[in-house]
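What follows is each chain in one-letter form.
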Amino acid sequence: MVMSETIFTFPVRVYYEDTDAGGIVYYANYLKFFERARTEWLRALGVEQDLLLSKNIAFVVTQVLMDYKKPAKFNDLLTVSSQISTLKQVSMVFAQNVYNSNGELHCSAQIKVACVEVQEMKARAIPAEVLEVLKRGR
């Protein structure tokens, strides 16, 4: 995993369980790859989601727009890049991409994530200290 000023990258190996009957990555598994990369990016910034959960705060995906370019296959080593393209008080939009080891784009996504109070599943402002970290990591 690497983080520059604006882009965080995270390696993902394609396992057999990630593929469909044709031996290519099942389309929904790209969402898992994107989720892992966002989680690791937050962790690299010092934001632990389990601590937020203990305070009744969570980030939830509210919108996904994905574009599949090229199939990835079993045992491919991929890189997921993540970047916040929009940061607001309650939500953020991530621009995420999956590349192979040759730098070829396999899948791209715009993923909107909102901050919520878990028990009520109601939108709330991102905690100020987390928002500041996100602004710096952006």
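You'll find the structure just up there.
The following paragraphs examine the structure supplied in this document. Source: prediction; values computed, not measured. (Residues numbered from 1 in each chain as written. Predicted model: local features only at pLDDT ≥ 70, side-chain atom pairs only at ≥ 80, totals over all residues. Heavy atoms only, no water.)

1. Section: the overall build of the protein chain
Then step 1. The number of helices and strands found in the protein chain is three helices and seven strands.
Then step 2. Overall, the protein chain shows an N-to-C arrangement of helices and strands of β-β-α-α-β-β-β-β-β-α.
Then step 3. Expressed as lengths along the three principal axes of its C-alpha atoms, the size of the protein chain is roughly 45 × 30 × 25 Å.
Then step 4. Looking at the protein chain as a whole, 40% of its 138 residues qualify as buried.
Then step 5. Pairs at least 24 residues apart make up 66% of the contacts formed inside the protein chain by residues separated by at least 6 positions.
Then step 6. Here the protein chain has roughly 7800 Å² of accessible surface; of this, 52% comes from carbon and sulfur atoms. (Helix = DSSP H or I, 4+ residues; strand = E, 2+ residues; numbered from the N terminus. Buried < 20%, exposed > 50% of the residue type's maximum accessible area, 1.4 Å probe, protein only. Contact = heavy atoms within 4.5 Å. Areas by Shrake-Rupley, 256 points an atom, 1.4 Å probe, with all protein chains shown as cover.)

2. Regarding the nonpolar core
Then step 1. Among the nonpolar cores identified, the biggest contains 35 residues, and Tyr-30, Phe-34, Trp-41, Phe-59, Met-92, Ile-126 and Leu-134 are the most heavily contacted of them.
Then step 2. Listed by contribution, the elements that provide at least two residues to this core are β2 (8-13), α1 (29-44), β3 (57-68), β4 (77-87), β5 (91-99), β6 (105-117) and α3 (128-137).
Then step 3. Take this core: its biggest share by element is six residues, from α1.
Then step 4. In this structure Leu-134 touches Trp-41, Leu-42, Leu-45, Ile-84, Leu-87, Met-92 and Ile-126, once residues within four positions along its chain are discounted. (Core = buried A, V, L, I, M, F, W, Y, C linked by side-chain atoms within 4.5 Å.)

3. A word on the packing of aromatic side chains
Then step 1. What the rule picks out here adds up to six aromatic pairs.
Then step 2. When the ring of Tyr-16 is compared with that of Phe-74, the centres are 6.0 Å apart and the planes differ by 85 degrees; the resulting orientation is edge-to-face. Here the residue Tyr-16 occupies a position in the loop between β2 and α1, and Phe-74 occupies one in the loop between β3 and β4, the gap between them amounting to 58 residues.
Then step 3. Assessed through its relative accessible area of 65%, Tyr-16 is described here as exposed.
Then step 4. On the accessibility criterion, Phe-74 (46% relative accessible area) is partly exposed. (Phe/Tyr/Trp six-rings, centres within 6.5 Å; stacked < 30°, edge-to-face > 60°.)

4. Remarks on the pairing of β2
Then step 1. Only one face of β2 is buried: it carries Phe-8, Phe-10 and Val-12, and the other face, with Thr-9, Pro-11 and Arg-13, is open.
Then step 2. Bridge count between β2 and β4: six bridges; the pairing is antiparallel. Bridged to Arg-13 within β4 is Leu-77. (Pairing = 2+ DSSP bridges.)

5. Here's the deal with the pattern of salt bridges
Then step 1. Within this structure, the stated rule accounts for six salt bridges.
Then step 2. Asp-67 is paired through a salt bridge with Lys-69; the nearest N and O atoms lie 2.8 Å apart.
Then step 3. A relative accessible area of 35% means that Asp-67 is categorised as partly exposed.
Then step 4. As a salt-bridge pair, Lys-70 and Glu-104 come within 3.3 Å of each other at their nearest N and O atoms. Here the residue Lys-70 occupies a position in the loop between β3 and β4, and Glu-104 occupies one in the loop between β5 and β6, the gap between them amounting to 34 residues.
Then step 5. You can call Lys-70 partly exposed: its relative accessible area is 34%. (Salt bridge = Lys/Arg side-chain N within 4 Å of Asp/Glu carboxyl O.)

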